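The primary structure of each chain is shown beneath.
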Amino acid sequence: MQEPDREIESIEEFDQVVARGTLAGFRVQSVDLTSRTAALLSTDTSEAVFLGCPMESEAAAKVRAGSALVFPPVPDLPFDPYRGTLYSPAQLFEGLTEHGYERTPDALAYAWFQRTKTDGDIFSSMLRSIHDDAISDALDEFLVGTRVVGVMGGHALERGSDGFAGAAHLGRALARTGLTVATGGGPGAMEAANLGAYAAPHEDAMLDEALELLGKTPSFRPSIGAWAEAAFAVRERWPDGGASVGIPTWFYGHEPPSAFASHIAKYFANATREDGLLARSTAGVVFLPGAAGTVQEIFDNATPNYYESRGEPTPMVLVDRDHWTRRLPTWPLLEALAEGRSMKARIALVDSVDEAPEALLSLLG
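Parameters and conventions
- Residues numbered from 1 in each chain as written.
- Predicted model: local features only at pLDDT ≥ 70, side-chain atom pairs only at ≥ 80, totals over all residues.
- Heavy atoms only, no water.
- Buried < 20%, exposed > 50% of the residue type's maximum accessible area, 1.4 Å probe, protein only.
- Helix = DSSP H or I, 4+ residues; strand = E, 2+ residues; numbered from the N terminus.
- Arc of directions from axis to C-beta.
- Contact = heavy atoms within 4.5 Å.
- Pairing = 2+ DSSP bridges.
- Axes fitted to C-alpha atoms, helices over the stretch in contact; angles between N-to-C directions.
- Patch = residues over 30% accessible without salt bridge, like charges linked within 9 Å, V, L, I, M, F, W, Y side chains within 5 Å.
- Areas by Shrake-Rupley, 256 points an atom, 1.4 Å probe, with all protein chains shown as cover.
- Salt bridge = Lys/Arg side-chain N within 4 Å of Asp/Glu carboxyl O.
- Core = buried A, V, L, I, M, F, W, Y, C linked by side-chain atoms within 4.5 Å.

**Some remarks on helix α16 (residues 356–364)**
Part 1: Of the residues making up α16, those classed as buried are Ala356, Pro357, Ala359, Leu360, Leu363 and Leu364. All buried residues of α16 project into a common sector of 165 degrees when viewed along the axis, lining one side. Summarising the geometry of α16, the exposed residues directed more than 90 degrees from the buried face are Glu358 and Ser362.
Part 2: Buried positions along α16 lie against β5 (148–152), α8 (162–176), β9 (285–287), β10 (316–319) and β11 (347–350).
Part 3: Once α16 finishes, Gly365 follows within two positions and takes phi at roughly 75 degrees, a positive value.

**Some remarks on the sheet that holds β11**
Part 1: Strands sit in the order β8-β7-β6-β5-β9-β10-β11 across an open sheet of seven strands; the sheet is parallel. With one partner strand each, in any of the chains shown, β8 (263–264) and β11 form the two edges of the open sheet.
Part 2: Contacts from helix α9 (residues 189–199) reach β5, β6 (180–183) and β7 (245–246) within the one sheet, and its direction differs from that of β6 by about 160 degrees.
Part 3: Strands in contact with helix α15 (residues 330–338) are β10 and β11; relative to β11, the strand with the most contacts, it is inclined by about 155 degrees.

**Considering unusual backbone geometry**
Across residues other than glycine, the phi torsion is negative in most instances, and most of the peptide bonds are trans.
Part 1: Each neighbour pair has its own omega, and for Arg221 with Pro222 the value is 10 degrees, a cis peptide bond.
Part 2: Tracing the backbone shows Pro222 in the loop between α10 (204–214) and α11 (224–237).
Part 3: Backbone geometry places Ser30, a non-glycine residue, at a positive phi of 50 degrees.
Part 4: Assignment of secondary structure puts Ser30 in the loop between β2 (27–29) and α2 (37–42).
Part 5: Owing to a relative accessible area of 25%, Ser30 belongs among the partly exposed residues under this scheme.
Part 6: In this model, Glu47 sits at a positive phi of 60 degrees, which is unusual for a non-glycine residue.
Part 7: Among the structural elements, Glu47 can be located in the loop between α2 and β3 (49–51).
Part 8: Since its relative accessible area comes to 60%, Glu47 is described here as exposed.

**Examining a nonpolar patch on the surface**
Part 1: Nonpolar side chains collect at one region of the surface, where Ile122, Phe123 and Met126 lie side by side and expose about 310 Å² of accessible area between them.
Part 2: Residue position: Met126 is located in helix α7 (residues 122–143).

**Section: the pattern of salt bridges**
Part 1: Applying the stated rule across the entire model yields 13 salt bridges.
Part 2: Residue Glu312 pairs with Arg346 through a salt bridge whose shortest N-O separation is 2.5 Å. Taken together, the residues Glu312 in the loop between α13 (292–307) and β10 and Arg346 in the loop between α15 and β11 connect sequence positions 34 residues apart.
Part 3: By relative accessible area, Glu312 is classed as exposed at 57%.
Part 4: Note that Asp351 and Arg321 form a salt bridge whose closest N and O atoms lie 2.9 Å from each other. Within this pair, whereas Asp351 is found in the loop between β11 and α16, its partner Arg321 is found in helix α14 (residues 321–327), the two being separated by 30 residues in sequence.
Part 5: Given the relative accessible area of 44%, Asp351 is considered partly exposed.
Part 6: Among the ionic contacts, a cluster of salt bridges with common partners joins Arg172, Arg176 and Asp204.

**What to know about the nonpolar core**
Generally speaking, a soluble globular protein has its nonpolar side chains buried in company with each other.
Part 1: Membership of the largest hydrophobic core comes to 50 residues, with the highest contact counts inside it found for Leu174, Val286, Leu288 and Val317.
Part 2: Contributions of two or more residues to this core are made by β5, α8, α9, α10, α11, β10, β11 and α16.
Part 3: Examining the composition of this core, we find that seven residues originate from one element, α9, more than from any other.
Part 4: For Leu288, the contacting residues outside a window of four places in its chain are Val151, Met152, Gly153, Ala167, Leu170, Ala189, Thr294, Val319, Trp324 and Val353.

Here's what the structure looks like:
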């Protein structure tokens, strides 16, 4: 596996490495090198790999001749398949105010995906795979040294509801324990948990005021633009929010990403996204009330805990006893699976979101 310090993801990192005398063996991701021709011509680039880096033809010819691999930028794509970092909300929603959501990079990437996902073109599928692998690499780099707690829940939960407020208070409580909150990165309970993490460094009153403001635009339907602009208005009024991760997918492209996640790992492949989110939730997962998608996530998480395929089982906290025992009786099956196995000591069912942080921490030990 390539060591993280062999990857160059900015022009500043490029200049620092060149100053040390060699680019040999480095991987350079999506760095515009058109102004660094002299450095490329005078520096050893043997066995280096350049992924989507614009450069002058003279420099490109030199590095290829010196046994480097050059993967050129792909023109007319609404996304960068070689990107070296996670997305920010501002990047995905760029141009929202001026041109509307339909012209943002997020919407354009979804439109491209809709055009190409079933056309059988191996080039399109390769680009999606390269992009998703680059995102996974960036996500792992960002999460180094963190303890991640996943928060799962339904996308239909509206701003202004008690459930949305509860999920936001949960996200804030978890973030204030020092955990990194990670969600599916979409609307509803996911947005609420990211909002809570964003609110963590602020005074308590900030979250209540933000919830009131957001409640005026309760859903991303009928207007994603209005929904997103309300979130950015909150961010502008209360800048410097806490960090959290959103991991959405263009597979559900009609669901916009949360503007409250500081770092967004957006994927084309939903299976890669779901498994990656759960696998990276090293401090456990809190499951809020949801429907089929949340039920699937519960058992996607339970399976490796049952077989211990990822090592020691991680905590699972289900919130809302009535929901998980009567409406969608998932808890009895989870209990039956856990019986006689080490995961039994890592599952809990609580009545409300207020109980979830303490339950999670007790399972972590």
